[in-house]
Amino acid sequence: MSTIAAISTAQGQGGIGVIRVSGEESFTIVDKIFKSVSGKKIMDIKGYTALFGHIYNNEEVLDEAVVLKYVAPKSFTGENVVEISCHGGMYITKEVLNAVIMAGASLAEPGEFTKRAYLNGKMDLTEAESVMDIISAKSKSAARAALFVKDGALFKKSQQVKQLLLDKAAHLSAWADYPEEDIPEVSEDSIIEAIEESISILEKLLSTYDMGQVVKEGIDTVIAGRPNAGKSTLMNLLVGREKSIVTNIAGTTRDVVEDTVLVGNVMLKLSDTAGIRDTDNEIEKIGVQKTFDKINGAGLVIALFDNNEELNTEDIDLINKIKDMPCIAVINKIDLDDKVDKKYITDNIENVVYISAKQQDNIDELKSMIEKIAGTEDFDPSAGIIANERQRNAIRNAVNSLYEAKESLAMGMTMDAITVSLQETIDYLLELTGEKAGEEIVDSVFHNFCVGK
């Protein structure tokens, strides 16, 4: 394979920029453009040591730099690697990269460093995918979950099932193929036990997908209610700054105000919407329609009701619209007299919280309710989660094959048929980890990586 190079740090102003070079010729190529102050060459120093000097383009000095040498196979990619640390900034890093390419390297494709790490056996496919999840993590929980997958949490579970089934499949094959040998017959009970244990492990993994998406991507959350119910005050409380305009004048919010906030383990993509009411104002009408559009596409609706006002037609319509959706009824202004019909709300909406947004009372209770509905209350990132649709499909197919094996046993089919289903399951698990993945699958995994990773 050719020697590749790319900028591995974010492009923009910064104290440092790193250009990574990987491949058999990386030491020779960087030696062409780098002169150390000590006079030493990269080729001549030990691995995992550094040199300080200058990067040149022909005879022109581009920048000061520190180069760090990694020797195959003990590097990120499993190849010879040089990391050039120069001053940060788009111009300088691009000029240094250009010098490396002119010296003989090829520009790396998106994700090519991680792809080479996978191809060189430094990580499995699930671990490779987690690298991008670590980079794109928007919360501590998302970062920790990706890190545990990077450390092999998902791989270990799949290996546990694979080994369990391999033992049974190998025993079945040996018993069927060598009848003259004194090989003990595999009992049906032991096969069922192995299948059920495998199904249990894999279905538990499948159940992590939705929660994993919530932790990774967040929930589209709409704050809805009639004018002056306290939506903008609550929005500002959750965001931690004045994002929405708060006044006593009804209809202040006429467009959707959006922001992102972390509540415990869950990221909310919040939308503060126009107050729901019948109005003759054309601009406000458009805002109300946007509110309903947002509600239709929401993963969670936080519906505010004014404790100091009786329910009106708009409140009833909102309750009927969201009662079968993931939602929380927030009865606000509990510091004022009770006038709202609490029984009607609690009869129709399961999750109800009583707060005073103005006094900031019971906000923690609301946050706990959000985590409960999101399913992240007891989130354990170390258990390993399914991070994407590819992983989910592989595990789902593996589970389906196990159910086919179980059904074949119940129908009294031959052990050959059972072995085929077990082998199918193993193949899907090998596809999951990349131990038996086609080129098309591998290419699709790394297609969305950033250049330099």
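Residues numbered from 1 in each chain as written. Predicted model: local features only at pLDDT ≥ 70, side-chain atom pairs only at ≥ 80, totals over all residues. Heavy atoms only, no water.

Attention shifts here to the pattern of salt bridges. Overall, the coordinates contain 14 salt bridges when judged by the stated rule. The residue lysine 269 makes a salt bridge to aspartate 220 at a minimum N-O spacing of 3.9 Å. Placement of lysine 269 in strand β10 (residues 266-272) and of aspartate 220 in strand β8 (residues 219-225) is noted, with a sequence separation of 49 residues between them. Relative accessible area serves as the criterion here: at 31%, lysine 269 is assigned to the partly exposed category. Overlapping salt bridges, with partners in common, bring together Glu79, Glu112 and Arg116 in one network. (Salt bridge = Lys/Arg side-chain N within 4 Å of Asp/Glu carboxyl O. Helix = DSSP H or I, 4+ residues; strand = E, 2+ residues; numbered from the N terminus. Buried < 20%, exposed > 50% of the residue type's maximum accessible area, 1.4 Å probe, protein only.)

Per-residue pLDDT for the protein chain averages 84, and the proportion of residues at 70 or more is 88%. Every residue in residues 243-255 is under pLDDT 50, and counting partners more than four places away or in other chains gives 39 contacts. (pLDDT = per-residue confidence, 0-100. Contact = heavy atoms within 4.5 Å.)

Applying the stated rule across the entire model yields one cavity of 30 Å³ or more. One number sums up the size of the largest cavity: a volume of about 50 Å³. Among the secondary structure elements, those contributing two or more residues to the lining of the largest cavity are α5 (140-150) and α8 (208-217). The greatest single-element share of the lining of the largest cavity, amounting to four residues, is contributed by α5. Among the residues making up the lining of the largest cavity, the classes are represented as seven nonpolar, no polar and two charged. (1 Å grid on protein atoms, 1.4 Å probe; cavity = no way out; pocket = protein on both sides within 12 Å on 5 of 7 lines; lining within 4 Å. Points joined across faces, edges and corners; volume = space filled by probe spheres on them. Nonpolar A, V, L, I, M, F, W, Y, C, P; charged D, E, K, R; others polar.)

Before going further, it helps to examine the sheet that holds strand β5 (residues 60-70). Paired through backbone hydrogen bonds, the strands of a sheet run either parallel or antiparallel to each other. Taken in spatial order, the seven strands of this open sheet run β3-β4-β5-β6-β2-β1-β7, and their pairing is mixed. Every interior strand has two partners, whereas the edge strands, β3 (34-36) and β7 (106-107), have only one. Where strand β1 (residues 4-7) lies against strand β2 (residues 17-22), four bridges are found, and the strand directions are antiparallel. Note on β2: the bridge partner recorded for isoleucine 7 is isoleucine 19. Contacting β1 and β2, helix α3 (residues 112-119) crosses the sheet at an angle of about 135° to β1. (Pairing = 2+ DSSP bridges. Axes fitted to C-alpha atoms, helices over the stretch in contact; angles between N-to-C directions.)

Packing of α3 against helix α16 (residues 439-447) leaves a shortest axis separation of 9 Å and a crossing angle of 140°. As α3 runs across α16, the sense of the crossing is right-handed. Seen from α3, the contacting residues are Thr114, Lys115 and Tyr118; seen from α16, they are Val442, Asp443 and Phe446. Residue composition of the contact of α3 with α16, by class: three nonpolar, one polar and two charged. (Left-handed = near helix turned anticlockwise from the far one by under 90°.)

Turning our attention to the nonpolar core. Ranked by internal contacts, the top residues of the largest apolar core, which has 27 residues, are Ile195, Leu202, Ile395, Leu402, Ile418 and Leu422. The set of elements that each furnish at least two residues to this core consists of α6 (153-177), α7 (188-206), α14 (389-410) and α15 (415-433). Discounting residues that sit within four places of it in the chain, isoleucine 195 has contacts with Leu402, Ala405, Lys406, Leu409 and Leu422. (Core = buried A, V, L, I, M, F, W, Y, C linked by side-chain atoms within 4.5 Å.)

This brings us to the side chain of threonine 3. Along the chain, threonine 3 turns up in the segment before β1. Among the polar contacts listed, one links the side chain of threonine 3 to the backbone nitrogen of glutamate 25, at a separation of 3.0 Å. Beyond its immediate sequence surroundings of up to four residues, threonine 3 is in contact with Val21, Ser22, Gly23, Glu24, Glu25, Ser26, Ile29, Ala105 and Ser106. (Polar contact = N/O pair within 3.5 Å; in protein donor to acceptor, adjacent residues only side chain to side chain.)

This next bit is on the environment of cysteine 327. Mapped onto the fold, cysteine 327 is located in strand β12 (residues 327-332). The spatial distance from the C-alpha of cysteine 327 to the C-alpha of glycine 299 is 8.5 Å, given a sequence separation of 28 residues.

The next point concerns helix α9 (residues 231-239). Side chains three or four residues apart in an α-helix point the same way, a direct result of the helix having 3.6 residues per turn. Counting buried residues in α9 gives seven out of nine residues, a clear majority hidden from the surface. Taken together, the buried positions of α9 are occupied by Lys231, Ser232, Leu234, Met235, Asn236, Leu238 and Val239. Just downstream of α9 lies glycine 240, where phi reads positive at about 90°.

This part covers the packing of aromatic side chains. Inspection of the entire model under this criterion finds one aromatic pair. Here the aromatic rings of tyrosine 48 and tyrosine 70 are separated by 6.0 Å at their centres, their planes lie at 80°, and the arrangement is edge-to-face. Remark: tyrosine 70 occurs in strand β5 and tyrosine 48 occurs in the loop between β3 and β4 (50-57); sequence separation between them is 22 residues. For tyrosine 70, a relative accessible area of 22% gives the class partly exposed. It is lysine 69 that lies over the ring of phenylalanine 27; its NZ or CZ is 4.6 Å from the centre. The ring of tyrosine 209 carries the charged tip of arginine 392 above its face, separated from the ring centre by 3.9 Å. (Phe/Tyr/Trp six-rings, centres within 6.5 Å; stacked < 30°, edge-to-face > 60°. Lys NZ or Arg CZ within 6 Å of the ring centre and 35° of its normal.)

Bringing the pairing of strand β11 (residues 300-306) into the picture now. A large share of β11 lies buried, amounting to seven of its seven residues. Every second residue of β11 is oriented toward a common face, with Leu300, Ile302, Leu304 and Asp306 on one face and Val301, Ala303 and Phe305 on the other, all of them buried. The pairing of β11 with β12 spans six bridges and is classified as parallel. Among the inter-strand pairings, leucine 304 is bridged to a residue of β12, identified as valine 330. In this fold, the crossover linking β11 to β12 by way of helix α11 (residues 313-322) has right-handed handedness. (Right-handed = clockwise from strand over helix to strand, strands pointing away.)

Let us now look at α15. If you check α15, its first and last C-alpha atoms are 27 Å apart, about what 19 residues at 1.5 Å a residue would give, namely 27 Å. Among the residues of α15, Met415, Ala417, Ile418, Thr419, Ser421, Leu422, Thr425, Ile426, Leu429, Leu430, Leu432 and Thr433 are the ones counted as buried. (Expected span 1.5 Å × (residues − 1).)

For the bond running from alanine 72 to proline 73, omega is 5°, close enough to zero to count as cis. Locating proline 73 in the fold gives a position in the loop between β5 and β6 (81-86). At lysine 333, a position not held by glycine, the phi torsion is positive, near 70°. In this structure, lysine 333 sits in the loop between β12 and α12 (342-348). Owing to a relative accessible area of 21%, lysine 333 belongs among the partly exposed residues under this scheme. Even without being glycine, glutamine 360 reaches a positive phi, approximately 60°. Following the sequence through the fold, glutamine 360 ends up in the loop between β13 (352-354) and α13 (363-374). Judged by relative accessible area, which is 53%, glutamine 360 ranks as exposed.

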